[in-house]
Amino acid sequence: MIYEGKAITVKLLEDGIAELCFDLQGESVNKFDRVTLEDLKASVAALKDNSDVKGLVVTSAKDVFIVGADITEFGDAFKNDEETIIKWVLESNDIFNGVEDLPFPTITAINGMALGGGFEMCLATDFRVMSAKAKVGLPEVKLGLYPGFGGTVRLPRVIGGDNAIEWIAMGAENRADKALKFNAVDAVVAPEALKESAISMLKDAIAGNLDWEAKRAEKTSKLKLNPMEQMMTFETAKGFVMGQTKGQYPAPVEAIKTMQKAANFGREKALEVEAKGFAKLAKTTESQALIGLFNNDQLLKKKAKEYAKIAKPTNKAAVLGAGIMGGGIAFQSALKGTPILMKDIAEAGIELGLNEANKLLAKRVERKKMKPLAMGETLNRIRPTLTYAEFGDVDLVVEAVVENPKVKKMVLAELEDQVSENCIVTSNTSTISIDHLAEDLKRPENFLGMHFFNPVHMMPLVEVIRGAKTSDEAVATTVAYAQKMGKTPIVVNDCPGFLVNRVLFPYFGGFAGLVRDGADFRKVDKVMEKFGFPMGPAYLMDVVGIDTGKHANEVMAAGFPERMSSDFKSAMDVLYENEFYGQKNNKGFYVYETDKKGKPKKVFDESVLELFAPVVAEAKDFDAEEIIARCMIPMCIETVRCLEEGIVDTAAEADMALIMGIGFPPFRGGALRYIDTVGLDKFVELADKYKDLSPLYHVTDKMREMAAKGEKYHG
Ligand SMILES: NC(=O)c1ccc[n+]([C@@H]2O[C@H](COP(=O)([O-])OP(=O)(O)OC[C@H]3O[C@@H](n4cnc5c(N)ncnc54)[C@H](O)[C@@H]3O)[C@@H](O)[C@H]2O)c1
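Residue numbers here run from 1 along each chain, matching the order of that chain's written sequence. With pLDDT at 70 or above as the cut-off, local features in this predicted model cover only qualifying residues; side-chain atom pairs require 80 or more to be listed or tallied, and sums for whole chains, interfaces and linings still use all residues. The side-chain figures draw on all heavy atoms in the structure; neither hydrogens nor water molecules are used.

**As for the overall build of the chain**
Here comes step 1: Numbering of helices and strands starts at the N terminus; helices are DSSP runs of H or I of at least 4 residues and strands are runs of E of at least 2. The helix and strand inventory of the chain stands at 31 helices and 20 strands.
Here comes step 2: Radius of gyration here uses only the C-alpha atoms, and the compact-globule reference equals 2.2 Å multiplied by the residue count raised to the power 0.38. Since a compact globule built from 715 residues should have a radius of gyration of about 27 Å, the 29 Å found for the chain is in line with a globular shape.
Here comes step 3: Each of the three principal axes of the chain carries a C-alpha extent, and together these read 85 × 60 × 55 Å.
Here comes step 4: Residues count as neighbours in contact if any of their non-hydrogen atoms are within 4.5 Å of one another. Considering only contacts within the chain whose residues lie at least 6 apart along the sequence, 72% involve residues at least 24 apart.

**With respect to unusual backbone geometry**
Here comes step 1: Following Asn454, the chain continues into Pro455 via a peptide bond in cis, with omega recorded as -5°.
Here comes step 2: Of note, Pro455 is situated in the loop between strand E16 (447-452) and strand E17 (461-466).
Here comes step 3: In this model, Asn183 sits at a positive phi of 65°, which is unusual for a non-glycine residue.
Here comes step 4: Its location among the elements puts Asn183 in the loop between helix H7 (176-181) and strand E10 (187-189).
Here comes step 5: The buried label applies to any residue whose accessible area, calculated with a 1.4 Å probe on protein chains only, is under 20% of its type's maximum; exposed applies above 50%, and partly exposed to all values in between. What makes Asn183 exposed here is its relative accessible area of 52%.

**Here we look at the sheet that holds strand E3 (residues 17-22)**
Here comes step 1: One open sheet holds the seven strands; their spatial order is E1-E2-E3-E4-E5-E7-E10, and the pairing between them is mixed. At either end of the open sheet lies a strand with only one pairing partner, and these are strand E1 (3-4) and E10. In short, DSSP must find at least two bridges between two strands for them to pair.

**Some points on the sheet that holds strand E8 (residues 135-137)**
Here comes step 1: Strand order in this open sheet of three strands is E6-E8-E9, and the pairing throughout is mixed. Each having just a single partner strand, strand E6 (114-115) and strand E9 (174-175) make up the two edges of the open sheet.

**Observations regarding the environment of Lys224**
Here comes step 1: Residue placement: Lys224 occurs in the loop between helix H9 (212-220) and helix H10 (227-245).
Here comes step 2: Distance from Lys224 to Met541, taken between C-alpha atoms, is 52 Å for residues 317 residues apart in sequence.
Here comes step 3: Beyond its immediate stretch of four places on either side in the chain, Lys224 contacts Glu218 and Glu229.

**Observations concerning the environment of Phe104**
Here comes step 1: Structurally, Phe104 is set in the loop between helix H3 (82-100) and strand E5 (106-110).
Here comes step 2: For the pair Phe104 and Ala7, spaced 97 residues apart in the sequence, the C-alpha separation amounts to 23 Å.
Here comes step 3: When near neighbours in sequence (up to four residues on either side) are disregarded, Phe104 contacts Leu47, Val53, Lys54, Gly55, Leu56, Asp126, Trp212 and Arg216.

**Here's the deal with the packing of helix H13 (residues 285-308) against helix H28 (residues 651-662)**
Here comes step 1: For every element, the axis is a line fit to its C-alpha atoms; helices are fit only across the contacting stretch, and the angle between N-to-C directions ranges from 0 to 180 degrees. Look at H13 against H28: their axes get within 9 Å of each other, and the N-to-C directions meet at 105°. Our classification of the angle between H13 and H28 gives roughly perpendicular. Residue-level inspection shows Leu293, Asn296, Asp297, Leu299, Leu300 and Lys303 of H13 in contact with H28, the latter providing Ala652, Glu653, Asp655, Met656, Ile659 and Met660.
Here comes step 2: Partitioning the contact of H13 with H28 into residue classes produces seven nonpolar, one polar and four charged. Roughly parallel means an angle under 35 degrees; roughly antiparallel, over 145; roughly perpendicular, 65 to 115; everything else is oblique. Side-chain classes are defined by residue name, with Ala, Val, Leu, Ile, Met, Phe, Trp, Tyr, Cys and Pro counting as nonpolar, Asp, Glu, Lys and Arg as charged, and the others, Gly among them, as polar.

**A word on the side chain of Asn174**
Here comes step 1: One can find Asn174 in strand E9.
Here comes step 2: What makes Asn174 buried here is its relative accessible area of 2%.
Here comes step 3: Ignoring sequence-local partners within four residues, the contact set of Asn174 consists of Met130, Ala134, Lys135, Val136, Gly137 and Trp167.

**Digging into the site of the ligand**
Here comes step 1: Neighbouring residues of the ligand: 19 residues in total, closest Met325, Asp344, Glu403, Lys408 and Ser430.
Here comes step 2: In protein, a polar contact means a hydrogen-donor-capable atom and an acceptor-capable atom, both N or O and within 3.5 Å, with residues adjacent in sequence counting only if both atoms are side-chain atoms; elsewhere, any N or O pair within 3.5 Å suffices. One of the backbone nitrogen or oxygen atoms of Ile324 is found 3.1 Å away from an oxygen atom of the ligand.
Here comes step 3: Of all the secondary structure elements, the ones that give two or more residues to the shell around the ligand are helix H14 (324-335), helix H17 (405-416) and E16.
Here comes step 4: For the shell around the ligand, the residue count by class is eight nonpolar, seven polar and four charged. When we say a residue is near a molecule or strand, we mean one of its heavy atoms is within 4 Å of it.

**Regarding the pairing of strand E11 (residues 317-320)**
Here comes step 1: Neither face of E11 is left uncovered, since the one carrying Ala317 and Val319 and the one carrying Ala318 and Leu320 both have all their residues buried.
Here comes step 2: Judged from the four bridges that link them, E11 and strand E12 (residues 340-343) form a sheet pairing that is parallel. Looking at the pairing, Leu320 lines up with Lys343 of E12.
Here comes step 3: For E11 and strand E14 (residues 396-399), the ladder comprises four bridges, and the chain directions are parallel. Residue pairing for E14: Leu320 is matched across the bridge by Glu399.

**Considerations on helix H11 (residues 250-262)**
Here comes step 1: Between the first and last C-alpha of H11 there are 18 Å, a value that for 13 residues agrees with the 18 Å anticipated at 1.5 Å per step.
Here comes step 2: Within H11, ten of the 13 residues are buried, which leaves the element mostly enclosed by the surrounding structure.
Here comes step 3: Every buried residue of H11 is accounted for by Ala251, Pro252, Val253, Glu254, Ala255, Ile256, Thr258, Met259, Gln260 and Ala262.
Here comes step 4: For H11, the elements touching its buried residues are helix H5 (151-159), helix H6 (161-170), H10 and helix H12 (267-282). By definition here, a helix of n residues has an expected span of 1.5 Å times n minus one.

**Description of the packing of H5 against H12**
Here comes step 1: The interhelical angle for the contact between H5 and H12, taken along N-to-C directions, is 125°, at an axis separation of 8 Å. The orientation of H5 relative to H12 falls into the category oblique. Taking contact as the criterion, the partners of Gly151, Thr152, Val153, Arg154 and Arg157 in H5 are, on H12, Arg267, Ala270, Leu271 and Glu274.
Here comes step 2: Taken together, the residues that form the contact of H5 with H12 break down as three nonpolar, two polar and four charged.

**Looking at a positive patch on the surface**
Here comes step 1: Where like charges cluster on the molecular surface, the positive patch consists of Lys363, Arg367, Lys369, Lys597 and Lys599.
Here comes step 2: On the secondary structure map, Lys599 appears in the loop between strand E19 (591-594) and strand E20 (600-603).
Here comes step 3: The class for Lys599 is exposed, based on a relative accessible area of 53%. Like charges within 9 Å and nonpolar side chains (Val, Leu, Ile, Met, Phe, Trp, Tyr) within 5 Å are joined into patches, using only residues over 30% in relative accessible area that form no salt bridge. Working definition of accessibility: Shrake-Rupley area with a 1.4 Å probe, residue cover restricted to the visible protein chains. By definition here, a salt bridge exists when the distance from a side-chain nitrogen of Lys or Arg to a carboxyl oxygen of Asp or Glu is within 4 Å. For the purpose of counting charges, residues Lys and Arg are taken to be positive, whereas Asp and Glu are taken to be negative. His and the chain ends are not included. Note that the charge is assigned to NZ on lysines, CZ on arginines, CG on aspartates and CD on glutamates.

**Comments concerning the nonpolar core**
Here comes step 1: Counting 105 residues, the largest nonpolar core has Met528, Phe589, Met632 and Met703 as the members making the most contacts within it.
Here comes step 2: For this core, the leading source of residues is helix H27 (residues 624-644), giving eleven residues.
Here comes step 3: For Met632, the residues in contact, after removing those within four places along its chain, are Tyr507, Met528, Phe531, Phe533, Phe664 and Tyr674.
Here comes step 4: What makes a nonpolar core is a set of buried Ala, Val, Leu, Ile, Met, Phe, Trp, Tyr and Cys residues whose side-chain atoms join them at distances within 4.5 Å. Counting 76 residues, the second largest nonpolar core, distinct from the first, contains Phe96, Phe104, Val158 and Ala275.

**What to know about the packing of aromatic side chains**
Here comes step 1: Geometry of aromatic contacts follows a simple scheme: Phe, Tyr and Trp rings, the Trp one being its six-membered ring, pair when their centres are within 6.5 Å, and the pair is stacked under 30 degrees between planes, edge-to-face over 60, tilted otherwise. Using the criterion set out here, one finds 28 aromatic pairs in the structure.
Here comes step 2: Taken together, a centroid distance of 6.0 Å and an interplanar angle of 50° make the contact between Tyr507 and Phe508 tilted. We note that Tyr507, like Phe508, is buried.
Here comes step 3: On the numbers, 5.8 Å between centres and 40° between planes, the contact of Tyr576 with Tyr581 is tilted.
Here comes step 4: Residue classification places Tyr576 among the partly exposed residues on the basis of a relative accessible area of 32%.

**What to know about empty space enclosed by the protein**
Where empty space is left becomes clear once a probe the size of a water molecule has been rolled over the atoms.
Here comes step 1: The definitions used throughout rest on a 1 Å grid laid over the protein atoms alone, on which a cavity is an enclosed set of points accommodating a 1.4 Å probe that cannot get out and a pocket is an open set flanked by protein within 12 Å on both sides along at least five of seven lines; lining residues are those having an atom within 4 Å of a point. Grid points are joined across faces, edges and corners, and a volume is the space filled by probe spheres set on the points. Evaluation of the coordinates by the stated rule reveals three cavities of 30 Å³ or more.
Here comes step 2: Estimates place the volume of the largest cavity at around 90 Å³.
Here comes step 3: For the largest cavity, the full set of lining residues is Phe32, Asp33, Arg34, Leu37, Ala69, Asp70, Glu73, Phe74, Ala77, Trp88 and Phe149.
Here comes step 4: Residue assignment for the lining of the largest cavity shows that the elements contributing at least two residues are helix H1 (34-48) and helix H2 (71-77).
Here comes step 5: The biggest single contributor to the lining of the largest cavity is H2, with three residues.
Here comes step 6: Looking at side-chain class alone, the lining of the largest cavity contains seven nonpolar, no polar and four charged residues.

So this is what it looks like as structure tokens:
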């Protein structure tokens, strides 16, 4: 044994070959945390002066190689100033340099995931052999960062500048065939032959048949691109990436700039450039938001695990209503392997639902994402029916009939007599209170909300709504089924609109006020899209459907009359009166034409302004700042209310729900993170400025208290 630590052991095998094995104690995966870095430092020190060692093979004892740096430790490190972060990064880099400078050839045997710092470790050795099952990549941009353990220095020198830009700026995980094609690894072998192959290659290097010193020199010297090529490569990429990220995500562009700046430097200076840029990114609000999302996601996973402990399996599901949502839910359930009955009252409805599933599956087959046989099997898992005959052994039902409380209550009552006593009954209602729907049920403990978003196969979120009488087991079973369907469930408590729609409608309210006061809805859309939403409020309203929106608005107004009932006739009301229902009948705020690919294309038609004329003030140019404030303040305050009232448990879950449910800009981290970024005191001040507009702009007392104490929503 050469070294034995808590994360790494180094031992001498035969023929002077040492094995450095990553195996972090007490964890299911390897990651670069402090302990591992310290162990690596000590391992290098022990190896360097050991004259018995002729070569080193780096391995992992886990299923993964190393999944990356320990992101939970980042948070603390990044609270320091830039100088301190730079120092920390450079000290870590000394360790990786130590690996690279060992006085004998080195090779990594990549057995599983080698991401971020894990892949940077691989790049520090001379050679890399990869299992056909492993994946490698540098996904740091997804956290608003870039590789900081030498990745931006070594990768371009190993696979070329243009390829490294693609790998680092896109942050993708790469399969073995791709890694080999790009020369990111030297060989790909079957998993069982990995270690043997690595040792055999290492022996070749020790014997002098492979020029390991030349490979090493390539990584530590300048990039092999002449000035002209450098300009072509980096300038073009910068322009392209800037366009793709709309300037909202600084990390990929900064990564390219760093590689460009460091291109003519050797290792030491190049690493300094990397460290500086890394520290700069670590201090951006974008990286803080994106790292926050990662942590939020961890929390969701942890909660789902807790629920799984008391969940009952859903082996057979059913959906009532084969419309847009019912069809989508049946498709998703079948796709992920749970057979589902799809009941409607009309033959035509069923046909529609099945056609929709068929279309989605055919697309998958066309794109080679699915084999025709699997398509057949998936379709077979959807059993259309007009009766309750086969409902006796169903574990969970999703009701997705029309959004009408009377109809829903009737359907739910009827259903309760057809299913077993243990069957969980859920409703996909978007707005109607779960407790209201539960009023006349015999088994309200088995009843709750399961709110999917449209289109079901695309939208990741499912709101699971707990009614006052819902049992823990029913919640847990629904959470587990949502997960089985490949969705991310977030559990909330009952109120009109639940969390997502309750927060969305005040935003529409802010928008309606702007239009009333003379704002151009196209400008509002542009500003909010630049803010980071996938579509602005007018366009979104068209996509949701003006009729659907108006109906939901009424439900919300009845639920929260003090804030959400409106004292003016809005542009949306006018559209509704004129039967402009949005994208579904090709006219709303915009008109919709069909493009060459058969997709709806939005076009502006001036005549809509004439319709609005009686209800809007004279045209007025609002600046972006005011537009953002007037749309965002109501949304943010309502999110705070949901947190204060316990509709949602944590700030983390509230923010995740908004990002997944309404496309809240991820780089802003959610409504509560956004308030934190603005500063709660400044936010309150701004809301007060608009307080006469509507109660939607009135902050809560607790917000004032927190602002006075300098508190934040995210710790
Ligand atoms: N469309 C959306 O964007 C969206 C998003 C989230 C939630 N929802 C909610 O999902 C539910 C369904 O909405 P949709 O857009 O799919 O509506 P839809 O009109 O497309 O479909 C409703 C279907 O229910 C059927 N139906 C009516 N009464 C029935 C009964 N007694 N038994 C069985 N089937 C019956 C109808 O024939 C129709 O096929 C609503 O509660 C809605 O609020 C809709």
